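This is what each chain is made of:
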Amino acid sequence: MKPTMLYAVIMLVAIVLMTSFGITLSPTEPIAVSAAAAPNTLYVCPAASSVWDTLANGLGQFTRPIIIGFIFVLMLLVFSWCWALYQNLLKDKFMRDAFKTSWGLTKLYFWGIVIVLMLILTPNYFRSVRVDGMNAPQILCESNSPGARAVPAESVHTGH
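All of these numbers come straight from a predicted model, not from anything done at the bench.

Undergrad: Is there a simple way to think about the state of the cysteines in this case?
TA: Here a disulfide denotes a covalent bond joining the sulfur atom of one cysteine to the sulfur atom of another. Evaluated as defined, the whole model comprises one disulfide. For C45, the disulfide goes to C141, at an S-S distance of 2.1 Å. Note on the C45 and C141 pair: the S-S dihedral is about 85°, so by sign convention the disulfide is right-handed. Placement of C45 in strand β1 (residues 41–46) and of C141 in the loop between β3 (138–140) and β4 (149–152) is noted, with a sequence separation of 96 residues between them. Looking at C141, the relative accessible area reads 15%, which means it is buried.

Written out as structure tokens, the structure is:
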């Protein structure tokens, strides 16, 4: 295994373990909420806008054309695989070269989808909420996150 691949696997495993067991690099004191209000309380933080969020919002406006484009390419890919299979059945022997283009297009298609989804669906996309009485964009966070505020659960709405 190449060193960069090994590094990527180790980092991925470390991230999964840290998030699974709640390990943080910079813990802060959690917000104290009364026992009566705790079941109906959510914690929100201001959404720090970054280049990725701006890019995701820009691409998010073109979600429908992007999906149509991916479906169009998928149908072309299916025809490419069917044509390669037809060529093999016609000659009644397996020719590896007939599938070379289809396999290359399949890999390109897969990584294209992965990259576009990563650009459109940033982590803040899934945590974004609207809070009654607040105009700034907010995200759900933990009670010990920097800048966290305790708000009643009924004032928090999903949506973008």
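Undergrad: Explain the side chain of S80 to me, please; I cannot follow it from the model alone.
TA: Turning to its location among the elements, S80 is positioned in helix α3 (residues 63–91). Those residues in contact with S80 that lie beyond four places of it in its chain are S102 and L105.

Undergrad: Any chance you could explain the sheet that holds strand β2 (residues 128–131) here in plain terms?
TA: Strand pairing in a sheet relies on backbone hydrogen bonds. The paired strands run either parallel or antiparallel. Here five strands make up an open sheet; going across it, the order is β4-β1-β3-β2-β5 and the pairing antiparallel. Each edge of the sheet is formed by a strand with only one pairing partner; in this case those strands are β4 and β5 (156–158). Strand after strand, the sheet turns through a mean of 50° between neighbouring axes, direction not considered. Pairing analysis gives three bridges linking β1 to β3, with the strands arranged antiparallel. Counted as the bridge partner of P46 is Q138 from β3.

Undergrad: Could you clarify how one ought to interpret unusual backbone geometry in this entry?
TA: Trans is the common state for peptide bonds, and a negative phi is the common state for residues other than glycine. Not every positive phi belongs to a glycine, and D92 is a case in point at roughly 60°. You can see D92 is positioned in the loop between α3 and α4 (100–120).

Undergrad: Looking at this structure, how should I read the pairing of β2?
TA: Each regular strand shows side chains that alternate between the opposite faces of the sheet. The side-chain alternation of β2 yields one buried face, formed by V129 and V131, and one unburied face, formed by S128 and R130. One ladder, built from two bridges, connects β2 with β3; its direction is antiparallel. Residue V129 lies in a different strand from β3, and its bridge partner there is Q138. From the end of β2 to the start of β3, which pair antiparallel, there are six residues, and G133 there has a positive phi angle of about 90°. The pairing of β2 with β5 spans three bridges and is antiparallel. The partner of V129 across the bridge, within β5, is T158.

Undergrad: How do you make sense of a nonpolar patch on the surface when you look at a structure like this?
TA: A grouping of M1, M5, L6, V9, I10, V13, L17, F21 and I23 is seen on the molecular surface, where their side chains present a nonpolar patch of about 930 Å² in accessible area. If you trace the backbone, M5 turns up in helix α1 (residues 3–20). Accessibility expressed as a relative area gives 48% for M5, which makes it partly exposed.

Undergrad: Can you help me understand the packing of aromatic side chains in this one?
TA: Each aromatic ring pair is specified by the distance between its two centres and by the angle formed by the two planes. Here the structure, examined in full by the defined rule, presents seven aromatic pairs. Their ring planes at 75° and their centres at 6.4 Å tell us that W81 and W103 sit as a pair that is edge-to-face. A residue pair is termed long-range when its members are at least 10 positions apart, and W81 in helix α3 and W103 in helix α4 qualify at 22 residues. Among the residues examined, W81 registers a relative accessible area of 30% and is labelled partly exposed. Consider the rings of Y125 and F126, whose centres lie 5.2 Å apart with planes at 90°: the pair is edge-to-face. Owing to a relative accessible area of 34%, Y125 belongs among the partly exposed residues under this scheme.

The rules we used
- Residues numbered from 1 in each chain as written.
- Predicted model: local features only at pLDDT ≥ 70, side-chain atom pairs only at ≥ 80, totals over all residues.
- Heavy atoms only, no water.
- Disulfide = S-S within 2.5 Å.
- Helix = DSSP H or I, 4+ residues; strand = E, 2+ residues; numbered from the N terminus.
- Buried < 20%, exposed > 50% of the residue type's maximum accessible area, 1.4 Å probe, protein only.
- Contact = heavy atoms within 4.5 Å.
- Pairing = 2+ DSSP bridges.
- Axes fitted to C-alpha atoms, helices over the stretch in contact; angles between N-to-C directions.
- Patch = residues over 30% accessible without salt bridge, like charges linked within 9 Å, V, L, I, M, F, W, Y side chains within 5 Å.
- Areas by Shrake-Rupley, 256 points an atom, 1.4 Å probe, with all protein chains shown as cover.
- Salt bridge = Lys/Arg side-chain N within 4 Å of Asp/Glu carboxyl O.
- Phe/Tyr/Trp six-rings, centres within 6.5 Å; stacked < 30°, edge-to-face > 60°.

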